[in-house]
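Remarks on the overall topology
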Amino acid sequence: TGGRAFRVNGRPFYVVGGNWIATDASWRLSADPDRYRDELSLHAEAGLNAVRVWGGGVAETEAFYAAADRLGLVVYQELWMTG
């Protein structure tokens with residue numbers, strides 16, 4: 001397609017990604033591992049292989065990264081001081 005290809009473990013990797021902004025900034029519900037799995041599954045089921053975590057939101061928990069890892073999603077984490 002003429003797009004940019006990265007190499008991961010020696011294999012070509014084409015980034016097809018979406019954005020992640022926490023759905024519950026007060027963390028009453030969003031830090032639940034099942035909720036992470038359910039919401040990140042929407043990205044995977046849409047054919048995406050990467051998720052950009054917006055730097056202006058909250059820092060995500062280990063449960064978020066574990067769910068992304070189980071679903072095979074690459075996480076691009078912005079830092080909150082970047083913008």
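Above this text is the structure in question.
One structure accompanies this document, and this report is about it. Since we're looking at a predicted model, the values are computed, not measured.

What counts, and at which threshold
- Residues numbered from 1 in each chain as written.
- Predicted model: local features only at pLDDT ≥ 70, side-chain atom pairs only at ≥ 80, totals over all residues.
- Heavy atoms only, no water.
- Helix = DSSP H or I, 4+ residues; strand = E, 2+ residues; numbered from the N terminus.
- Buried < 20%, exposed > 50% of the residue type's maximum accessible area, 1.4 Å probe, protein only.
- Contact = heavy atoms within 4.5 Å.
- Areas by Shrake-Rupley, 256 points an atom, 1.4 Å probe, with all protein chains shown as cover.
- Core = buried A, V, L, I, M, F, W, Y, C linked by side-chain atoms within 4.5 Å.
- Polar contact = N/O pair within 3.5 Å; in protein donor to acceptor, adjacent residues only side chain to side chain.

1. Looking at the overall build of the protein
Across its full length, the protein holds 2 helices and 5 strands. Counting from the amino terminus, the protein carries its helices and strands in the arrangement β-β-β-α-β-α-β. The burial tally for the protein puts 27% of its 83 residues in the buried class. Of the contacts formed within the protein by residues at least 6 apart in sequence, a portion of 65% connects residues at least 24 apart. Accessible surface, the protein as shown: approximately 5,800 Å² in total, 55% of it carbon and sulfur.

2. Quick word on the nonpolar core
In terms of nonpolar packing, the biggest core is built from 9 residues, these being Trp-20, Tyr-36, Leu-40, Val-51, Val-53, Phe-64, Ala-67, Ala-68 and Leu-73. If you list the elements that add at least two residues to this core, you get α1 (33-45), β4 (50-53) and α2 (62-70). Counting residues per element, this core draws most heavily on α2, which supplies 3 residues. What Phe-64 contacts, discounting residues up to four positions off in sequence, is Trp-20, Tyr-36, Leu-40, Val-51, Val-53 and Val-75.

3. Notes on the environment of Glu-60
Among the structural elements, Glu-60 can be located in the loop between β4 and α2. When its relative accessible area of 12% is taken as the criterion, Glu-60 is described as buried. Here the alpha-carbon distance between Glu-60 and Ile-21, two residues 39 residues apart in the chain, equals 9.7 Å. Sequence-distant contacts of Glu-60, that is, excluding residues within four places in its chain, are made with Trp-20, Ala-22, Tyr-36, Val-53 and Tyr-65. Polar contacts involving the side chain of Glu-60 include one to the side chain of Trp-20, which spans 2.8 Å. In this structure the side chain of Glu-60 is engaged in a polar contact, spanning 2.5 Å, whose partner is the side chain of Tyr-36.

Keep in mind these values describe shape, not function.
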